[in-house]
Amino acid sequence: MNTSSSTKTNLTNNGAVTGNPLAGLGWAAFVFIVITVAVFSILVKLGLWQLERAEFKRVWDITLSERQNQAAINFDSLLQVIAEHTSNANSEQQTLTGYRIAVSVSPVSKQVLLLDNQIYMGQVGYLAYQVFQVNASSPHLLVELGFVPADKDRRILPDISAISSGRYKLIGRIYQKQTNPLSDHLMAETGNPMRFQNLNIDELSQLLGYPLLPVVLQPDNVPDLSLPQPWQPIPLSAQKHQGYALQWFTMAAVFLGLMAWLAHKKWQAGAH
């Protein structure tokens, strides 16, 4: 029985299409399928990643609540906790946040540090810091003094007095700032107060010339100051991550539907 090339094409018999609907498309069909699968897979993976972050934030929120209800630990216990987290290669950043500590400290100097581009109650400003010493043989501790509004003229820095010399008993919670994915360098300016862009403690330690602990203390009460102290240990809540996941999954479904519609239109065009 002889076969001709015409029998290899798509035929329509009584409204039914026979043969391979993608026949004749060649590389165009292959590229179409690859793009569809690749983009759909990426969108789904992004949604799954957001769900993973949501679960992490949910557990993290429970951990923070538990730490807030625990009694304050002393400085030696803090050093032990830091050492344990440092040795754990799987520990995620900010896992030290939330511990309450009680320490006896004294200011290292009257140098005030200002973390730029901070927002509190809709107002742009700085978080002010000062370095304190616990003892001569241990790394120093960076202490948050509070939020200071910024002047409209960025050349004018806020006038904030450093805590004077003396010995102080500070009780509060510690935290670690989230790393800026675009730039995490200190980018410090000169002067007192000293403005900087990112809380990179390693670079700040090199600039100041002495070791610093990898955490910041936010005291319940700052001596001689009454500045507001923002507390946002979880920048994005679990609910927001779940919302983002829903958006990615919706985009994946819409994209798949669109590509299916385009394939159907192409199939119809080739059938006639």
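The structure we're discussing is the one just above.
Residues numbered from 1 in each chain as written. Predicted model: local features only at pLDDT ≥ 70, side-chain atom pairs only at ≥ 80, totals over all residues. Heavy atoms only, no water.

S.K.: Run through the overall build of the chain, naming residues and quoting values.
M.R.: Broken down by element type, the chain carries four helices and nine strands. Sequence-ordered secondary structure for the chain, helices as α and strands as β, is β-β-α-α-β-β-β-β-β-β-α-β-α. Looking at the chain as a whole, 35% of its 272 residues are labelled buried. Long-range pairs, those at least 24 residues apart, make up 71% of the contacts in the chain with a sequence separation of at least 6. As presented, the chain carries roughly 16,300 Å² of accessible surface, and 57% of it is formed by carbon and sulfur atoms. (Helix = DSSP H or I, 4+ residues; strand = E, 2+ residues; numbered from the N terminus. Buried < 20%, exposed > 50% of the residue type's maximum accessible area, 1.4 Å probe, protein only. Contact = heavy atoms within 4.5 Å. Areas by Shrake-Rupley, 256 points an atom, 1.4 Å probe, with all protein chains shown as cover.)

S.K.: Explain the packing of aromatic side chains to me, using residue names and the numbers behind them.
M.R.: A full pass over the atoms with the stated rule returns four aromatic pairs. Plain terms: the ring middles of Tyr120 and Phe147 are 5.5 Å apart, the flat faces sit at 50° to each other, and that makes the pair tilted. Taken as a pair, Tyr120 in strand 4 (residues 113-120) and Phe147 in strand 6 (residues 140-149) lie far apart in primary sequence, 27 residues in all. Seen from their ring centres, Tyr175 and Trp231 are 6.2 Å apart, and the 70° between their planes marks the pair as edge-to-face. (Phe/Tyr/Trp six-rings, centres within 6.5 Å; stacked < 30°, edge-to-face > 60°.)

S.K.: How would you summarise unusual backbone geometry if you had to cite specific residues and measurements?
M.R.: If a residue is not glycine, its phi is most likely negative; likewise, a peptide bond is most likely trans. A cis amide bond links Asn192 to the next residue, Pro193, at an omega of 5°. Even without being glycine, Met187 reaches a positive phi, approximately 50°. Among the secondary structure elements, Met187 is positioned in the loop between strand 7 (168-175) and strand 8 (194-196). Of note in this structure, Asp224 is not a glycine but carries a positive phi near 65°. Considering the arrangement of structural elements, one finds Asp224 in the loop between strand 9 (212-219) and helix 4 (238-271). For Asp224, a relative accessible area of 66% corresponds to the exposed category.

S.K.: I'd love a proper account of the nonpolar core, names of residues and values included.
M.R.: Val103, Leu141 and Leu217 are the most contacted members of the largest nonpolar core, which has 28 residues in total. Sorting the residues of this core by element identifies helix 2 (75-87), strand 3 (100-107), strand 5 (123-133), strand 6, strand 7 and strand 9 as the ones contributing at least two each. Ignoring sequence-local partners within four residues, the contact set of Val103 consists of Phe75, Leu141, Tyr168, Lys169, Leu170 and Leu217. Counting residues in hydrophobic clusters, the runner-up holds 17 residues, among them Leu115, Leu127, Met194 and Ile201. (Core = buried A, V, L, I, M, F, W, Y, C linked by side-chain atoms within 4.5 Å.)

S.K.: Could you give an account of the pattern of salt bridges, with specific residues and numbers?
M.R.: Oppositely charged side chains are able to pair whenever their charged atoms sit close together. Within this structure, the stated rule accounts for five salt bridges. The partner of Asp220 in a salt bridge is Arg100, and the shortest N-O contact between them spans 2.5 Å. Here Asp220 is found in the loop between strand 9 and helix 4, whereas its partner Arg100 is found in strand 3, with 120 residues between them in sequence. Put simply, Glu189 and Arg195 hold a salt bridge, and the shortest N to O gap is 3.1 Å. The exposure class of Glu189 is partly exposed, given its relative accessible area of 33%. (Salt bridge = Lys/Arg side-chain N within 4 Å of Asp/Glu carboxyl O.)

S.K.: So what's going on with helix 2? Residues and values would help.
M.R.: Helical geometry: 3.6 residues make up each α-helical turn, so side chains three or four residues apart lie on a common side. Here helix 2 spans 19 Å end to end across 13 residues, near enough to the 18 Å set by a 1.5 Å rise per residue. In the core, the buried residues of helix 2 are packed alongside helix 1 (27-68), strand 3, strand 7 and strand 9. With a side-chain oxygen lying 3.3 Å from the backbone nitrogen of Asp76, the N-terminal cap of helix 2 falls on Asn74. (Expected span 1.5 Å × (residues − 1). Polar contact = N/O pair within 3.5 Å; in protein donor to acceptor, adjacent residues only side chain to side chain.)

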